[in-house]
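Chains, contacts and geometry: an overview
Read off the chains here:
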Amino acid sequence: MKISIIGCGYVGAVTKACLAELGNGVCFIDIDDKKIKKIKSCQSPIYEPGLDALLERNASRISTSTSIQEGITGSDCSFICVGTPSNEDGSINLTYIKSAAVEIGNALRTMKNHTVVVKSTVVPGTTEDVILPMLEKHSLKRVKEDFSVAMNPEFLKEGSALNDFFHPDRIILGIGDERGRTVLGELYRSFSCPKLCTSIKTAEMTKYVSNAFLATKISFSNEIGNICKKLDIDVYEVMEGVGLDQRIGPKFLNAGAGFGGSCFPKDVAALIALAQQKGENPILLKSAIEINEKQPGRLVELLKSRVGELKNKRIAILGLAFKDNTDDIRDSRAIPVIADLLERGADIAAYDPMANEAMEKIYPSIRYCPSAAEALEGADGCLVMTEWPEFAELQPEFDRMRKKVIIEGRRILSCEGYEGICW
Ligand code: NAD
């Protein structure tokens, strides 16, 4: 099949490379010329383990374009993978989706039997009530008769995205008509996981509910962790016992500094905004966000309780991306932590194996180090923010600190003498 993918970010780049690996001809389309240049030279535009190798292996099946009109011409289906960030009030911002829809519509004027698949996370109703009318208006064609629309939400996790693509728990297919069903059925034919065909709206909602549930599970664990710490109980031992209950499951029960990234915070906020527009007051979802926003402050307070006033204290921050194995800093918990420390006058030395450069764009004034050892040199305190495997190996490096106060926001360390945010 010939597929074009619009947006070469964390989802688009992975989806394209993986669809090429399955034998499809894939055109990478992005308005960002730098990303397209990287892909042309078989380099991934984002850091994702294994992606460079996959691009190189499938180079003969991959083409690129910075123009939607040029890129999708001649393809059987196109996937929209552009970003859907938040507006100030938390509601979904559809600017990128709308501009992509205009261009796809223009391209559809000269195309036949094309299927447009929305993979970006969009609130229920967006595909049929916003994107589809724009496609019809700009193509001067009719959905179902001339082209098809479908919705296929993405569930990959950055850092393990390739494995998640090839071994998903399930595939959700929001189907608008028979042509869309056939195209997506063919595309995912080789996958043995459950495939659920739903309405387009249901597919859109399934994505939000999955993320909202996982975010709530994390905030629940963090609240329990905060209580456990006061009671001198190890929340990880508690959650091990809790997670063995098959109704609950062991994943996403790790207490810590809270969730970040490009999905959970913005998707829960968008669901809250949508619910409120419909006259609902989603108390549980609001609490999940409120707990999450307070965790970074608790981390800094704990640090202060151990090292005293933070003014002019040298603080090492290990881990800047929102999690390990990615360079993505969107809504990383390190962002509010750095803001808080700067406000208190701390002198910050930061290190992340992949995300120093990205964080430097937000906080150019702090010191970025090429290694954890260098960040720890002479530090009065250290905050470990993410589970990068190399942090688990740190032992003698902590001896470089002036005062060995080590606080963990994620449980990874094996060294002596550290304290966890919730344990
Ligand atoms: P991203 O910001 O990393 O990438 C989006 C890309 O789209 C950018 O490269 C941008 O230049 C490009 N773009 C924007 N407008 C364009 C246009 N008109 N034409 C061509 N390219 C255009 O975003 P992402 O993290 O890949 O997320 C994409 C969507 O997938 C979002 O809706 C997100 O919520 C969802 N999602 C993300 C993840 C994740 O882990 N990142 C997981 C599941 C779902």
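Structure first, text after, so check above.
This write-up is about the structure you can find in this document. None of these values were measured; they are calculated from a predicted model.

It is worth spelling out the layout of surface pockets at this point. When its volume is computed, the second largest pocket comes out at roughly 180 Å³. Around the second largest pocket, the lining residues are Ser91, Ile92, Val123, Pro124, Gly125, Thr126, Ala270, Ala273, Leu274, Gln277 and Lys278. Among the elements that line the lining of the second largest pocket, the one with the most residues is helix α11 (residues 264-277), at 4 residues. Of the residues that constitute the lining of the second largest pocket, the class distribution is 6 nonpolar, 4 polar and 1 charged. Each of domain 1 (2-198) and domain 2 (264-420) gives at least three residues to the lining of the second largest pocket.

Let us look at the sheet that holds strand β8 (residues 195-198). One open sheet holds the 8 strands; their spatial order is β3-β2-β1-β4-β5-β6-β7-β8, and the pairing between them is mixed. Every other strand in the sheet has two partners, leaving β3 (62-65) and β8 as the edge strands with one partner each. Each neighbouring strand pair of the sheet contributes to a mean axis angle of 25°, computed without reference to strand direction. Sheet topology places strand β5 (residues 114-118) next to strand β6 (residues 147-151); 5 bridges connect them, and they run parallel. In the strand pairing of β6, Thr115 is matched with Ser148. Across the face of the sheet, helix α1 (residues 10-21) comes into contact with β1 (2-6), β2 (25-29), β3 and β4 (77-80) while running at roughly 165° to β2.

Following both chains from N to C, one finds helix α6 (residues 126-139) and helix α9 (residues 200-231) inclined at 115°, their axes separated by 8 Å at the closest point. By the criterion of interaxial angle, the relationship of α6 to α9 is roughly perpendicular. Contacts between α6 and α9 involve Thr126, Thr127 and Glu128 on the former and, on the latter, Ile200, Lys201 and Glu204. Looking at side-chain class alone, the contact of α6 with α9 contains 1 nonpolar, 2 polar and 3 charged residues.

Below, the discussion takes up the environment of Leu285. Mapped onto the elements of the fold, Leu285 is located in helix α12 (residues 283-307). In this structure Leu285 comes out as buried when scored by relative accessible area, which is 14%. Setting aside its immediate chain neighbours within four residues, Leu285 contacts Ala212, Thr216, Val268, Leu271 and Ile272.

The rules behind each value
Going along each chain's sequence as written, the residues are numbered from 1 onward. This being a predicted model, a pLDDT of at least 70 is required before a residue's local features are given, and a value of 80 or more before pairs of side-chain atoms are given or counted; all residues contribute to the totals for chains, interfaces and linings. Working from all heavy atoms in the structure, the side-chain values ignore hydrogens and water. Only protein atoms enter the calculation, which uses a 1 Å grid: trapped sets of points that fit a 1.4 Å probe without letting it out are cavities, open sets showing protein on both sides within 12 Å along at least five of seven lines are pockets, and any residue with an atom within 4 Å of a point is a lining residue. Grid points are joined across faces, edges and corners, and a volume is the space filled by probe spheres set on the points. A run of H or I in DSSP becomes a helix once it reaches four residues, and a run of E becomes a strand once it reaches two; helices and strands are each numbered from the N terminus. Residues are grouped as follows: nonpolar covers Ala, Val, Leu, Ile, Met, Phe, Trp, Tyr, Cys and Pro; charged covers Asp, Glu, Lys and Arg; every other residue, Gly included, is treated as polar. Domain boundaries shown here were taken from an automatic or database domain assignment. In this analysis, strands are considered paired if DSSP registers two or more bridges between them. To obtain an axis, a line is fitted to C-alpha atoms, over the contacting stretch when the element is a helix, and the angle between two such axes runs from 0 to 180 degrees between their N-to-C directions. Here, residues are in contact when the closest pair of their heavy atoms is within 4.5 Å. The scheme is simple: roughly parallel for angles under 35 degrees, roughly antiparallel for over 145, roughly perpendicular for 65 to 115, oblique for anything else. Here the term buried applies to any residue with accessible area under 20% of the maximum for its type, exposed to any over 50%, and partly exposed to those in between, with areas from a 1.4 Å probe on protein chains only.

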